[in-house]
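# Breakdown of the fold
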Amino acid sequence: MTAIISFTLTAVNSGLHAFQFSNWLRAWIIAFSLVFAISFFLPAFVNRHVSKIIRIKE
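To start, this report covers the structure provided alongside it.

Turning our attention to the side chain of serine 6. Tracing the backbone through its elements, the reader meets serine 6 in helix H1 (residues 2–14). Judged by relative accessible area, which is 4%, serine 6 ranks as buried. Among the polar contacts made by the side chain of serine 6, one reaches the side chain of tryptophan 24 at a distance of 3.2 Å. Non-local contacts of serine 6, meaning those with residues more than four positions away in its chain, are made with Trp24, Ala27 and Trp28.

This is the structure:
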């Protein structure tokens, strides 16, 4: 999914006639790194805070 989104954004921003593979690869690496880090750490963070809220209400 990150590859498709970064390809689309790179192609739209630079135009298909000026599309460069290196620009797309750089955009994809940044997008993948961010999404991987967020999907790795965010669920634990949300679970911890939701558990505190649920315990308070009980």
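Moving on from the model shown.
A word on the packing of aromatic side chains. Scanning the entire structure with this criterion turns up 6 aromatic pairs. Where phenylalanine 7 meets phenylalanine 19, the ring centres are 5.1 Å apart and the plane angle is 70 degrees; that geometry is what we call edge-to-face. You can see phenylalanine 7 sitting in helix H1 and its partner phenylalanine 19 sitting in the loop between H1 and helix H2 (21–57), a full 12 residues away along the chain. Classification of phenylalanine 7 as partly exposed rests on a relative accessible area of 38%. Phenylalanine 19 gets classed as partly exposed once you look at its relative accessible area, which sits at 26%. Measuring from ring centre to ring centre gives 5.4 Å for tryptophan 28 and phenylalanine 32, while their planes differ by 25 degrees; the resulting arrangement is stacked. With tryptophan 28 and phenylalanine 32 both in helix H2 and 4 residues apart, the pair spans about one turn of that helix. For tryptophan 28, a relative accessible area of 26% corresponds to the partly exposed category. Here the aromatic residues Trp28, Phe32, Phe36, Phe40 and Phe41 are joined through ring pairs into a cluster of three or more.

Thresholds applied
- Residues numbered from 1 in each chain as written.
- Predicted model: local features only at pLDDT ≥ 70, side-chain atom pairs only at ≥ 80, totals over all residues.
- Heavy atoms only, no water.
- Helix = DSSP H or I, 4+ residues; strand = E, 2+ residues; numbered from the N terminus.
- Buried < 20%, exposed > 50% of the residue type's maximum accessible area, 1.4 Å probe, protein only.
- Polar contact = N/O pair within 3.5 Å; in protein donor to acceptor, adjacent residues only side chain to side chain.
- Contact = heavy atoms within 4.5 Å.
- Phe/Tyr/Trp six-rings, centres within 6.5 Å; stacked < 30°, edge-to-face > 60°.

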